[in-house]
Amino acid sequence: MKFATKAIHAGQSADAATGATITPIYLTSTFTQEGIGKHKGFEYSRTGNPTRAALEQCLAALDDAEYGLAFASGSAATAATLSILRPGDHVIAAADLYGGTYRYFEQVAKPGGISFTYVDGRQPEEFEKALQSKTRLVWIETPTNPLLQLVDIAAVAAVCQARGVRLAVDNTFATPFFQRPLAFGADIAVYSTTKYIGGHSDAVGGAVVTSDRILHKQIKFFQNAAGGVPGILDAWLTLRGVKTLAVRMPRHEENAREIARFLQAHSEVETVYYPGLPSHPQHELGARQMSGFGGMVTFQIRGGREQANAFVKAVRLFSFAESLGGVESLVCHPATMTHASYPPEDRLRRGITDGTIRLSVGIEDVEDLKADLDQALLASQTKIIQTR
Ligand SMILES: Cc1ncc(COP(=O)(O)O)c(C=O)c1O
């Protein structure tokens, strides 16, 4: 089956009990058993539930993976992945990371005895240099949040494989539609399904997919033991959302590309970060490992916090909100929102300033989106002129 077909059918055959064509919302915490040790494959919904199982199978299929596990959020999926580590283990992570992932690493995993080295993910040799005898895991995001840097998955996978180190890729921005990390040698793909996979900003969720039986077993054990599973309704909403992933992603990309070009030519914009622009320093790598560049565009507004604030207050179609990946366009101020958990000096060192603005470009008519950005950019600068 091809991708678009799998998104609609994988794990989702007609319901065995009733023939329901669409996977039912099995809103039950428990399952009546016929006798001791005799049941229909489900006992208790933390351990397994048919609606969640359909989602897990579908997500595995989209990455051409053997196994999928669904979680209560992308953050729960991150925590579950790190559960394969033990005190004393070392992790190498690419430095440009979602703020919540960095917070988990620094404030939860580190006090638990795991050490971290952060490297410039754009330089695969940096991973090799950072290897220690206790290195067990390399963690990358590509494209990164929020600066849309790329990491060469195959090159980093080669470093990891040579040393028996596991490679996890947070593939939230690209989705399996545009990029399949396992095909480039990664061991695990991690998702916040809250974003493009769900696609409608109405459910929070996460996923871990892998083809490695041992990793799957360890992470599944943690899923059941720690219990960070999605509610059944959220699992169903995500399953419904994923059905249209293959039609949404090309439109997100088309709009994002157009908006990136528009911003690049705008007088009130200093820099645009979008891997689909030929001027992006890693455009060629993107073309090699991704089949499309996605719907996220980040830019530096002319000025700083004051102009950024005037801009986010002036947008009308774009919502000023956390999150990304929904059909509607969102704007976010990473320094005070998604990346607020970074200490300010760390944030600045990574290139996230008070003038950095991240757009999640939706699938509305792109002319409306451009008009909205244009008026908000002009309004952001008018304010400065007025206050001068
Ligand atoms: C790249 C990335 N990974 C993980 C997460 C965490 O996902 P969640 O908010 O579903 O916990 C986010 C959230 O914004 C994200 O952008």
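Report follows, based on the coordinates.

Analysis parameters
Residues numbered from 1 in each chain as written. Predicted model: local features only at pLDDT ≥ 70, side-chain atom pairs only at ≥ 80, totals over all residues. Heavy atoms only, no water. Axes fitted to C-alpha atoms, helices over the stretch in contact; angles between N-to-C directions. Helix = DSSP H or I, 4+ residues; strand = E, 2+ residues; numbered from the N terminus. Parallel < 35°, antiparallel > 145°, perpendicular 65-115°, else oblique. Left-handed = near helix turned anticlockwise from the far one by under 90°. Contact = heavy atoms within 4.5 Å. Expected span 1.5 Å × (residues − 1). Buried < 20%, exposed > 50% of the residue type's maximum accessible area, 1.4 Å probe, protein only. Arc of directions from axis to C-beta. Polar contact = N/O pair within 3.5 Å; in protein donor to acceptor, adjacent residues only side chain to side chain. Salt bridge = Lys/Arg side-chain N within 4 Å of Asp/Glu carboxyl O. Phe/Tyr/Trp six-rings, centres within 6.5 Å; stacked < 30°, edge-to-face > 60°. Lys NZ or Arg CZ within 6 Å of the ring centre and 35° of its normal.

A look at the packing of helix α3 (residues 74-82) against helix α4 (residues 99-109)
The contact between α3 and α4 brings their axes to 10 Å, and the two run at 45°. Accordingly, the angle class assigned to the pair α3 and α4 is oblique. As for the relative orientation of α3 and α4, their crossing is right-handed in sense. Between α3 and α4, the residues in contact are Thr-78, Ala-79 and Leu-82 and Thr-101, Tyr-104, Phe-105 and Ala-109, respectively.

Considering helix α8 (residues 213-226)
Here α8 is 14 residues long and its end C-alpha atoms lie 20 Å apart, about the 20 Å a rise of 1.5 Å per residue gives. Inspection of α8 places Leu-215, His-216, Ile-219 and Gln-223 among the buried residues, and these make up the whole buried set. Across the axial projection of α8, the buried residues extend over an arc of 95°, all falling on one side. Away from the buried face of α8 by more than 90 degrees, exposed residues Arg-213, Lys-217, Phe-221 and Ala-225 are located. At its buried positions, α8 is contacted by α2 (50-62), β1 (67-71), α3, β5 (166-170), β6 (188-192) and β7 (206-210). Of the residues that open α8, the one with a side-chain oxygen 2.9 Å from the backbone nitrogen of Ile-214 is Asp-212. The first or second residue beyond α8 is Gly-227, which carries a positive phi of 80°.

Observations concerning the pattern of salt bridges
This structure, assessed with the given rule, holds 18 salt bridges. Across the salt bridge formed by Asp-152 and Arg-288, the nearest N and O atoms sit 3.3 Å from each other. Of this pair, Asp-152 sits in the loop between β4 (135-141) and α6 (153-163) while Arg-288 sits in helix α11 (residues 283-289), placing them 136 residues apart in sequence. For Glu-253, the salt bridge identified is with Arg-257, shortest N-O distance 3.0 Å.

Quick word on the packing of aromatic side chains
This structure, assessed with the given rule, holds nine aromatic pairs. When the centroid spacing of 5.6 Å and the interplanar angle of 35° are considered together, the rings of Phe-31 and Phe-42 count as tilted. Taken together, the positions of Phe-31 in the loop between α1 (3-9) and α2 and Phe-42 in the loop between α1 and α2 put the pair 11 residues apart, joining distant regions of the chain. On the basis of an interplanar angle of 10° and a centroid distance of 6.3 Å, the ring pair of Phe-116 and Tyr-118 is categorised as stacked. A residue is classified by how much of its surface remains accessible, and Phe-116, at 10% relative accessible area, is buried. Residue Tyr-118 is classed as partly exposed on the basis of its relative accessible area, which comes to 23%. Following the ring pairs from residue to residue traces out a cluster consisting of Tyr-102, Phe-105, Phe-116, Tyr-118, Trp-139 and Tyr-342. The lysine or arginine in question, Arg-350, covers the ring of Tyr-102, its NZ or CZ lying 5.0 Å from the ring centre. The ring of Tyr-118 is capped by Arg-350, whose NZ or CZ atom sits 5.7 Å from the centre of that ring.

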